[in-house]
Each structure stands twice: as structure tokens, then as C-alpha cells.
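Chain by chain, the residues:
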Amino acid sequence: DDDDFETHYDLGIAYKEMGLLEESIQEFRIAQGERKRFMECTAMIGACLIELGRTDDAISHYQAALEVDGAAEEEYLTIKFELALTYEGQGDIEKALALFREIQTADPNYRDVEAIRHVMQAEPAEPEMIASAAPGMVDIGTGAMSTHEFCNLNNLVASNRITPTNGFTHLC
């Protein structure tokens, strides 16, 4: 019943927080039996696989989930976003950018995907470029933004496992 799936999901979260990643994966696999949690559990399993250093397994897992019919568009976007971040983490910028573009086309406001895509495409800023921007602004090569906006974006990018672009982190 639904309570059993909920219990397994909660156990998966608890195990993940304790660093018991294999046990967490087992619990999320059981919780996937509840249709409404399938994609959420898929994302959690992928995150555990990445933490275990099994990035190729995470990629295969995300790709398989994208083949499942019947999920909401938001759920597919979540998996595509996680897959894009995984590709980026492996250094496969081309595949990551292609997925970010797909996400941006489907939902331009999804998790600041446009800003992440711009940061990934930007060349590292030269110190004189940063200095030449207006006071309180940062020129990242794709347009200027306030230092506060930049730091928020930089923190967002870092929190999503994307490698921060060299030359920017010293501002935050």
C-alpha cells in the first residue's frame, strides 16, 4: 500500500543522509513502485550512484527513466536536468549543453537553466574585464550582472555540482 512506499522512501532518505548509499538505493527502488514517486526516486538513485562514483550507472539510470511513459513534463525535466549535470561533471559539455537547451525550450524558467547554460558557455573572465564593468557589476562575457546576482548564480552552479568557471569565484 501507499504507506509502505512512503516508508521505503523515507528510509531511502535517512540512509542517504547517513551515507549508507547502497541501502538507500535499495529503498528507493522499492519506493519506485509507487507511480507518483517513480521519477523522484529515480533522481535520488542517480544521486546515490554519483556519490558512489558510479557515474556511468547514473547516466544509464537517468536515460532509462526518460524512456518511461506517463510521467509529467516537470518530472522529465528534473531527470534531464540531473543528467545534464552528470554529463557536465564528466566534462561532456556538449551533451550537457544540449540537454540544458532542451530544458530551456520546454521551460525557460526551470531552475535557472538559462543562467547555468550561459556560465558554461562563457570563457573565463580576464581580471581587466571584471574591473571594466560598472561598479557592483560583473561582466561574464555574455552580459553584465550585479555582483550579488553573480554570486547567487555562482553558488547555484556550485550547488548543482557544476564546476565554477575559473576567474569568478574570488568575487564571492
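Everything that follows concerns the structure shown earlier in this document.
These numbers come from a predicted model, not from an experiment.

A separate point is the packing of helix 3 (residues 38–51) against helix 4 (residues 55–66). One can describe the packing of helix 3 onto helix 4 by two numbers: an axis separation of 8 Å at closest approach and a directional angle of 165 degrees. As summarised for this structure, helix 3 and helix 4 are arranged roughly antiparallel, according to the angle between their axes. Remark: the crossing between helix 3 and helix 4 carries left-handed chirality. Mapping the contact onto sequence places Met 39, Thr 42, Ala 43, Ile 45, Gly 46, Ala 47, Leu 49 and Ile 50 in helix 3 and Thr 55, Asp 57, Ala 58, His 61, Tyr 62 and Ala 65 in helix 4.

What follows covers the packing of helix 3 against helix 5 (residues 73–90). Direction vectors running N to C along helix 3 and helix 5 enclose 10 degrees, while the axes themselves pass 9 Å from each other. When the axes of helix 3 and helix 5 are compared, the pair comes out roughly parallel. When helix 3 is examined against helix 5, the residues Met 39, Thr 42, Ala 43 and Ile 50 are found in contact with a partner set consisting of Glu 75, Tyr 76, Thr 78, Ile 79 and Thr 86.

Structurally, Thr 86 can be placed in helix 5. Classification of Thr 86 as buried rests on a relative accessible area of 4%. When the C-alpha atoms of Thr 86 and Tyr 62 are compared, they prove to be 9.6 Å apart, with 24 residues separating the residues in sequence.

On to the pattern of salt bridges. Two side chains that carry opposite charge are able to pair once their charged atoms sit near each other. Overall, the coordinates contain 10 salt bridges when judged by the stated rule. Arg 37 is the salt-bridge partner of Glu 6, the closest N and O atoms lying 2.8 Å from each other. Of this pair, Glu 6 sits in helix 1 (residues 2–17) while Arg 37 is found in the loop between helix 2 (21–31) and helix 3, placing the two residues 31 residues apart along the sequence. A salt bridge links Glu 34 to Lys 36; its shortest N-O distance comes to 3.8 Å.

Parameters and conventions
Residues numbered from 1 in each chain as written. Predicted model: local features only at pLDDT ≥ 70, side-chain atom pairs only at ≥ 80, totals over all residues. Heavy atoms only, no water. Axes fitted to C-alpha atoms, helices over the stretch in contact; angles between N-to-C directions. Helix = DSSP H or I, 4+ residues; strand = E, 2+ residues; numbered from the N terminus. Parallel < 35°, antiparallel > 145°, perpendicular 65-115°, else oblique. Left-handed = near helix turned anticlockwise from the far one by under 90°. Contact = heavy atoms within 4.5 Å. Buried < 20%, exposed > 50% of the residue type's maximum accessible area, 1.4 Å probe, protein only. Salt bridge = Lys/Arg side-chain N within 4 Å of Asp/Glu carboxyl O.

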